[in-house]
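Chains, contacts and geometry: an overview
Chain by chain, the residues:
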Amino acid sequence: MQEHIPPADRRGSASSMKQLDSRLTPPGVIDQADMYTYVLSIFELSSVKMDYKFIVAVLIEYIRSLNQLRIPIMYVLYEQLIKTLVGNKCFYQLHQFLQYHVLSDSKQLACLLLSIEGDYPPAYQLALDMLKRLQTADAEIIDILLNKGQLLQALRFARNIGKEDSISARQFLEAAAGAQDNMLFYTVFKFFEDRNMKLRRRPEFAQGEHCEQYVKHFYSLFSELGNSQRLL
């Protein structure tokens, strides 16, 4: 037979269970997504002008606390901090944060630095240095140098990391032809001819490299040119 529990006892039993649940349930955790959505993003959305120094101080303190707990930091926090600093022309402070690794290296952060080069030219070199420290972004570094027209630096970098045998000859020759600098094109072309000699013991490009148009371009420019001093 089911035991009848008086209403007062039922209330007492429910209260006891609630107390037990509160002891067993872990305290609430506010993760970074919640912190950004409900607290930090208000700095950007608020119609009231807030002191940027206060915003920077809050973001830095939060980032430091996450670092101390060894919690990986969401990129959006770095993005908000950098945009706040750049928007208020605090470039020296930004440089200090990067130099002393207050902001952790990442490809995303490096790309963000590249995007602010127009406002702060040193950000370009800071981004390259960050990618080099990662040691997992060699292809990205070469692409960045090519896009900046720094072909010789890209070749030197590839050679220094031991990847000169695997980079695309066509990619470099295309960039060199587009630069409309005949001596630069000559140097890049000869670099890959030397590579061909090392790899296949003949200067010609392999058919799969699709460099035929650049070979024609080379001979149209230098068919009567003797040996020329190289820039590399």
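Computed from a predicted model, the values in this text were never measured in an experiment.

Below, the discussion takes up the overall build of the protein chain. Helices and strands together make up the secondary structure of the protein chain, namely 13 helices and 0 strands. In the protein chain, the succession of α and β elements from N to C terminus is α-α-α-α-α-α-α-α-α-α-α-α-α. Buried residues in the protein chain amount to 34% of all 232 residues. Counted over contacts in the protein chain with a minimum sequence separation of 6, partners at least 24 positions apart contribute 60%. Summing over all exposed atoms, the protein chain offers an accessible surface of approximately 15,000 Å²; the carbon and sulfur share of this is 53%.

Here we take up the packing of aromatic side chains. Taken as a whole and assessed by the stated rule, the structure comprises 11 aromatic pairs. Note on phenylalanine 91 and tyrosine 120: the rings are 4.9 Å apart at their centroids and 5° apart in plane angle, and the pair reads as stacked. With phenylalanine 91 in helix α6 (residues 91–99) and tyrosine 120 in the loop between α7 (107–115) and α8 (123–134), this pair connects stretches of sequence that are 29 residues apart. In this structure, phenylalanine 91 and tyrosine 120 share a single accessibility class: buried.

This part covers helix α11 (residues 169–178). Listed in full, the buried residues belonging to α11 are Ala169, Phe172, Leu173 and Ala176. The buried side chains of α11 occupy one side of the element, clustering within an arc of 95° when seen end-on. Where α11 terminates, the next one or two residues include glutamine 180, which has phi positive at roughly 55°.

Further remarks concern the side chain of glutamine 80. Checked against the element boundaries, glutamine 80 lands in helix α5 (residues 75–87). With a relative accessible area of 2%, glutamine 80 lands in the buried category. When near neighbours in sequence (up to four residues on either side) are disregarded, glutamine 80 contacts Tyr36, Leu40, Ser41, Phe43, Glu44 and Leu59.

Here the protein chain averages 86 in pLDDT, and 83% of its residues register 70 or above. Counting contacts from residues 7–11, a segment whose pLDDT is below 50, to residues more than four positions away or on other chains yields 1 contact. pLDDT under 50 marks residues 226–231. Its contacts with residues more than four places away, or in other chains, come to 11 contacts.

Even without being glycine, arginine 70 reaches a positive phi, approximately 60°. Tracing the backbone shows arginine 70 in the loop between α4 (52–68) and α5. Among the residues examined, arginine 70 registers a relative accessible area of 78% and is labelled exposed. With a phi angle near 55°, lysine 89 is a residue other than glycine that sits in the positive phi range. Among the structural elements, lysine 89 can be located in the loop between α5 and α6. Judged by its relative accessible area of 66%, lysine 89 is exposed.

In terms of nonpolar packing, the biggest core is built from 67 residues, with Leu81, Ile82, Leu103, Leu113, Phe172, Val188 and Phe192 touching the most fellow members. Not counting residues within four places of it along the chain, the set of residues in contact with isoleucine 82 comprises Leu94, Leu103, Leu109, Leu112, Leu113 and Ile116.

Residue placement: glutamate 209 occurs in the loop between α12 (182–200) and α13 (212–222). There is a polar contact of 2.9 Å between the side chain of glutamate 209 and the backbone nitrogen of alanine 206.

About the criteria used
- Residues numbered from 1 in each chain as written.
- Predicted model: local features only at pLDDT ≥ 70, side-chain atom pairs only at ≥ 80, totals over all residues.
- Heavy atoms only, no water.
- Helix = DSSP H or I, 4+ residues; strand = E, 2+ residues; numbered from the N terminus.
- Buried < 20%, exposed > 50% of the residue type's maximum accessible area, 1.4 Å probe, protein only.
- Contact = heavy atoms within 4.5 Å.
- Areas by Shrake-Rupley, 256 points an atom, 1.4 Å probe, with all protein chains shown as cover.
- Phe/Tyr/Trp six-rings, centres within 6.5 Å; stacked < 30°, edge-to-face > 60°.
- Arc of directions from axis to C-beta.
- pLDDT = per-residue confidence, 0-100.
- Core = buried A, V, L, I, M, F, W, Y, C linked by side-chain atoms within 4.5 Å.
- Polar contact = N/O pair within 3.5 Å; in protein donor to acceptor, adjacent residues only side chain to side chain.

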